[in-house]
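As a plain string of letters, each chain reads:
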Amino acid sequence: MRWALNRLALAITSMVALAFLVPLAVATRQIAYDRAISDARQQATSMVTVLGVDSDLVSLTNAVASTAAGSAGNLAVHLPGVEPIGASHLSDATVQRAAQERRAATSDSDGGVAYLQPTVLTDGRTVVVEVFIPEADTRRGVGTAWLYLGALAVVLVGGSILFADRLGSQLVRATRGLAAASRRLGGGELNERITPIGPRELRDAATAFNGMADDLRRLLDRERELAADLSHRLRTPLTGLRLDVEAMPPGPIAERMRQACDLLDEELEAIITGARLGSIEKRGSQQCDLVEVLADRLAFWSVLAEDQERPWEVVGGHEPVMIPMPAGDVILVVDALLGNVFSHTPDGTAFRVSVSASGLLVDDAGPGIPDPETAVRRGVSGAGSTGLGLDIVRRTAETVRGQLVIDRSPLGGARIGFLLHAPVLEPADQRKRR
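These numbers come from a predicted model, not from an experiment.

1. Regarding the overall build of the protein
Here is step 1: Helices and strands together make up the secondary structure of the protein, namely 14 helices and 13 strands.
Here is step 2: Across the 434 residues in the protein, those meeting the buried criterion constitute 38%.
Here is step 3: Across the protein, the fraction of contacts at a sequence separation of at least 24, relative to all contacts at a separation of at least 6, is 63%.

Here you go:
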């Protein structure tokens with residue numbers, strides 16, 4: 001924007017400067033020429049005065065030599081039938097024509113211009129006074145005047161560009177501030193506001209931005225309150241379910257139901273707390289170990305895998321994998337990936353879990369996913385699924401600038417991955433852990 005304003009100021013000021021300076025340069029040249037002709041006229045008039053007093057050749061010779069033009073060889077007096085007194089630079093025909101016309105005139109000559117002043121003596125003879133003006137005299141002072149005019153043009157153009165640049169810097173500063181505030185608001189900083197500066201249009205835009213940020217903050221606060229209220233209402237049926245589970249006889253199913261109730265209770269508490277704090281305060285600087293969360297959740301899903309006679313294996317997991325997310329969010333991701341296998345593959349289908357610093361991959365030997373794009377659309381994923389689980393994984397991955405990967409598995413079925421940065425690499429000599 002600043003460069004565009006500078007170019008615009010340069011173009012406009014240059015056009016204005018040329019529109020004024022070109023006529024001024026021509027006028028300066030003409031003024032110098034007229035000044036030289038005026039000086040020659042004065043010297044010719046002085047000689048005419050001498051001729052009116054005394055037309056003696058000796059007196060005229062002395063008078064011509066005493067003038068500045070005569071001493072420089074630039075003045076001559078033409079008497080009829082007599083050789084010119086002084087130095088003449090014109091032909092006889094030109095002088096005769098001026099004598100016949102009996103009016104002042106100028107005539108071009110080699111190296112300059114000659115001024116001719118005819119006059120009639122008392123005895124009736126016509127005398128022509130010739131004053132030669134060298135070309136240098138017709139241009140005296142023109143170069144200096146043009147230099148000053150050029151310097152003035154440079155100052156005017158430079159000043160206008162500087163002024164445009166300062167104006168452009170204010171516009172750019174206001175625009176960049178508005179853009180930076182928009183990016184921060186889009187990044188989750190809901191308290192971001194901007195001070196209106198700059199032209200009226202940018203101040204209006206900044207005021208509208210602040211109003212939008214206030215409305216967005218109120219809307220999110222209202223949604224968080226609704227989420228917290230809804231989660232709180234779910235505690236009543238959860239309490240009834242826990243009582244029914246406690247009444248069940250001891251066994252694997254009862255233990256699994258108890259674990260599910262505990263997990264659901266923890267998730268409800270996390271939803272209530274997180275909804276009241278907000279997304280930024282909830283995450284903050286929290287982080288957890290992906291390997292540790294995966295081990296805890298596999299302890300739950302392994303029981304169901306044994307009941308359904310599903311072979312499974314874990315690849316990697318020998319080193320901690322710290323990710324900048326709360327443990328509750330990671331649990332949702334792991335459960336969504338593993339639950340997808342149990343929900344959409346028949347009993348006895350094998351699956352493999354790969355964990356590394358790049359993220360988490362779940363491969364199965366099921367029928368696969370024919371349309372990956374539809375699988376993450378809520379309500380239209382097909383196969384009796386709402387698509388909510390994979391959508392949760394996708395949105396969670398985006399919060400850490402990761403991605404959800406849906407591809408063909410080496411086992412023949414589907415590969416679903418929660419990648420943090422780069423695709424997960426599986427070295428050929430990677431040790432497998434049951």
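The rest of the description comes next.
2. Some details on the UniProt feature "signal peptide" (unreviewed entry) in the protein
Here is step 1: Residues annotated by UniProt as "signal peptide" (unreviewed entry) correspond here to residues 1-19.
Here is step 2: Helix makes up 95% of residues 1-19 and strand 0%, whereas the separation of the span's terminal C-alpha atoms amounts to 27 Å.

3. Thoughts on the pairing of strand β10 (residues 359-364)
Here is step 1: The element β10 is largely enclosed, with a buried count of 6 among its 6 residues.
Here is step 2: Burial along β10 is two-sided: Gly359, Leu361 and Asp363 and Leu360, Val362 and Asp364, pointing in opposite directions, are all buried.
Here is step 3: The pairing of strand β9 (residues 351-356) with β10 spans 6 bridges and is classified as antiparallel. Bridged to Arg352 within β10 is Asp363.
Here is step 4: The loop that links β9 with its antiparallel partner β10 comprises 2 residues.
Here is step 5: Bridge count between β10 and strand β12 (residues 414-419): 5 bridges; the pairing is antiparallel. Pairing of Val362 across the sheet is with Ile416, part of β12.

4. Brief notes about the pairing of strand β11 (residues 403-408)
Here is step 1: Across 6 bridges, the pairing between β11 and β12 is antiparallel. Pairing of Arg408 across the sheet is with Ala414, part of β12.
Here is step 2: What sits between the antiparallel neighbours β11 and β12 is a turn of 5 residues, in which Gly412 has the positive phi angle 105°.

5. Topic: unusual backbone geometry
Here is step 1: Positive phi, close to 55°, is recorded for Arg102, a residue that is not glycine.
Here is step 2: Looking at the secondary structure, you find Arg102 in the loop between α4 (92-101) and β3 (105-109).
Here is step 3: You can call Arg102 exposed: its relative accessible area is 54%.
Here is step 4: Non-glycine residue Glu309 carries a positive phi angle of around 55°.
Here is step 5: Structurally, Glu309 is set in the loop between α11 (290-307) and β7 (312-316).

6. Points about the packing of aromatic side chains
Here is step 1: In this structure the tally under the stated criterion is 4 aromatic pairs.
Here is step 2: Between the aromatic rings of Trp312 and Phe351, the centroid separation amounts to 6.2 Å while the plane-to-plane angle is 10°, which identifies the pairing as stacked. Of this pair, Trp312 sits in strand β7 while Phe351 sits in strand β9; the two residues are 39 residues apart in sequence, bridging distant segments of the chain. Each member of the pair, Trp312 as well as Phe351, carries the same accessibility label: buried.
Here is step 3: Every member of this aromatic cluster is reached through a ring pair, and the members are Phe300, Trp301, Trp312, Phe342 and Phe351.

7. Overview of the pattern of salt bridges
Here is step 1: Under the counting rule described, the total for this entry stands at 13 salt bridges.
Here is step 2: A salt bridge links Glu101 to Arg103; its shortest N-O distance comes to 3.6 Å.
Here is step 3: With a relative accessible area of 39%, Glu101 lands in the partly exposed category.
Here is step 4: Between Asp335 and Arg297 there is a salt bridge; the shortest N-O distance is 2.9 Å. Here Asp335, found in helix α12 (residues 327-344), pairs with Arg297, found in helix α11; they are 38 residues apart in sequence, far enough to count as distant.
Here is step 5: Under the relative-accessibility criterion, Asp335 is labelled buried at 15%.
Here is step 6: The exposure class of Arg297 is buried, given its relative accessible area of 10%.

8. So, the nonpolar core
Here is step 1: Counting 38 residues, the largest nonpolar core has Leu360 and Phe418 as its most contacted members.
Here is step 2: Contributing elements (two or more residues each) for this core: α11, β7, α12, β9, β10, α14 (388-399), β11 and β12.
Here is step 3: The element best represented in this core is α12, accounting for 9 residues.
Here is step 4: By size, the runner-up hydrophobic cluster in this structure holds 21 residues, among which are Ile37, Ala44, Val64 and Leu121.

About the thresholds
Residues numbered from 1 in each chain as written. Predicted model: local features only at pLDDT ≥ 70, side-chain atom pairs only at ≥ 80, totals over all residues. Heavy atoms only, no water. Helix = DSSP H or I, 4+ residues; strand = E, 2+ residues; numbered from the N terminus. Buried < 20%, exposed > 50% of the residue type's maximum accessible area, 1.4 Å probe, protein only. Contact = heavy atoms within 4.5 Å. UniProt positions renumbered as here; feature names shortened; annotations may be inferred. Pairing = 2+ DSSP bridges. Phe/Tyr/Trp six-rings, centres within 6.5 Å; stacked < 30°, edge-to-face > 60°. Salt bridge = Lys/Arg side-chain N within 4 Å of Asp/Glu carboxyl O. Core = buried A, V, L, I, M, F, W, Y, C linked by side-chain atoms within 4.5 Å.

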